[in-house]
Amino acid sequence: MSESLKNGNNDKWLDEIKKTPLGSKKFLAAMIWNIGWLGLIWFGIRKGIDANVLSAMVYAAGTVQALYLGGQSAVDAFVRAAMAKSGFIQKDEQSS
C-alpha cells in the first residue's frame with residue numbers, strides 16, 4: 001500500500017495513479033518493441049522477403065499492440081471501478 005494512502009492523503013494517492021504514459025515502464029517497453037517490429041518489417045521490405053513472412057510479421061506486431069491495449073484498458077477499468085466504489089472519485093470527476 002502506498003505511504004500516502006496510509007497517511008490518509010487521498011489527493012496525493014490519486015496523483016500517483018495519474019501518471020503520464022512515458023512514466024510507465026510497460027508503455028516504454030511496448031513502444032520499443034513496436035519500433036523494433038517496424039524496423040524488422042522495413043528491413044524485410046527492403047530486402048524483398050516473401051510476402052507470407054511479412055504478413056506474419058505484421059500480424060505478430062498487431063497482436064502485441066492489441067494485447068497491450070486490451071490489458072491496459074482492463075486494468076484501467078478495474079482501477080476506476082475500485083476507486084469509484086471506495087469513494088475516491090468525486091461525483092464531478094465521474095461525469096466528465
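Relevant structure appears above.
1. Topic: the overall build of the protein chain
Part 1 of the reasoning: A tally of helices and strands in the protein chain yields five helices and zero strands.
Part 2 of the reasoning: Counting from the amino terminus, helix and strand elements in the protein chain follow one another as α-α-α-α-α.
Part 3 of the reasoning: Taken over 96 residues, the protein chain has a buried fraction of 15%.
Part 4 of the reasoning: In the protein chain, of all internal contacts separated by at least 6 residues, the share reaching a separation of at least 24 is 50%.
Part 5 of the reasoning: Surface summary for the protein chain: the accessible area is close to 7600 Å², and the carbon and sulfur share equals 64%.

2. Here's the deal with helix H3 (residues 25–47)
Part 1 of the reasoning: Along its 23 residues, H3 runs 33 Å from first to last C-alpha, staying within 8% of the 33 Å computed at 1.5 Å per residue.
Part 2 of the reasoning: Of all the positions in H3, only Ala30, Asn34, Trp37, Ile41 and Gly44 are classed as buried.
Part 3 of the reasoning: Tucked inside the fold, the buried residues of H3 contact helix H4 (51–86).
Part 4 of the reasoning: Looking at the residues trailing H3, positive phi occurs at Gly48, about 75°.

3. Details of the nonpolar core
Side chains of nonpolar character tend, in soluble globular proteins, to be buried together.
Part 1 of the reasoning: Trp37, Ile41, Leu54, Met57 and Ala61 together form the largest nonpolar core, which totals five residues.
Part 2 of the reasoning: Going through the elements one at a time, H3 and H4 are the ones with two or more residues in this core.
Part 3 of the reasoning: At three residues, H4 tops the list of elements feeding residues into this core.
Part 4 of the reasoning: Here Ile41 is in contact with Leu54, Met57 and Val58, once residues within four sequence places are set aside.

4. Quick notes on the packing of aromatic side chains
Part 1 of the reasoning: Inspection of every chain in the model, using the stated rule, returns one aromatic pair.
Part 2 of the reasoning: Where Trp33 meets Trp37, the ring centres are 6.3 Å apart and the plane angle is 85°; that geometry is what we call edge-to-face. Placement of both Trp33 and Trp37 in helix H3 is noted, with a separation of four residues, approximately one turn of the helix.
Part 3 of the reasoning: Residue classification places Trp37 among the buried positions, given a relative accessible area of 18%.

5. Digging into the side chain of Asn34
Part 1 of the reasoning: Checked against the element boundaries, Asn34 lands in helix H3.
Part 2 of the reasoning: Overall, Asn34 belongs to the buried group, its relative accessible area being 8%.
Part 3 of the reasoning: In contact with Asn34, other than residues within four places in its own chain, are Ala61, Val64 and Gln65.

What counts, and at which threshold
- Along every chain, residues carry numbers that run from 1 in the direction the sequence is written.
- With the structure being a predicted model, the display of local features is reserved for residues of pLDDT at least 70 and the display and counting of side-chain atom pairs for 80 or more, all residues being used for whole-chain, interface and lining totals.
- With hydrogens and water set aside, each side-chain value is computed from the structure's full complement of heavy atoms.
- Each helix is a run of DSSP H or I of at least 4 residues and each strand a run of E of at least 2, with the numbering of both proceeding from the N terminus.
- Using a 1.4 Å probe on the protein chains alone, a residue whose accessible area is under 20% of its type maximum counts as buried, one over 50% counts as exposed, and one in between counts as partly exposed.
- Contact definition: two residues touch when any of their heavy atoms are within 4.5 Å.
- Throughout, the Shrake-Rupley method with a 1.4 Å probe supplies accessible areas, and for residues the shown protein chains are the sole cover considered.
- For a helix, the expected span equals 1.5 Å multiplied by the number of residues minus one.
- For the purposes of this section, nonpolar cores are sets of buried Ala, Val, Leu, Ile, Met, Phe, Trp, Tyr and Cys residues that join through side-chain atoms within 4.5 Å.
- Whether two aromatic rings pair depends on their centres lying within 6.5 Å, for rings of Phe, Tyr and Trp, where Trp uses its six-membered ring; planes under 30 degrees apart make the pair stacked, over 60 edge-to-face, and the rest tilted.

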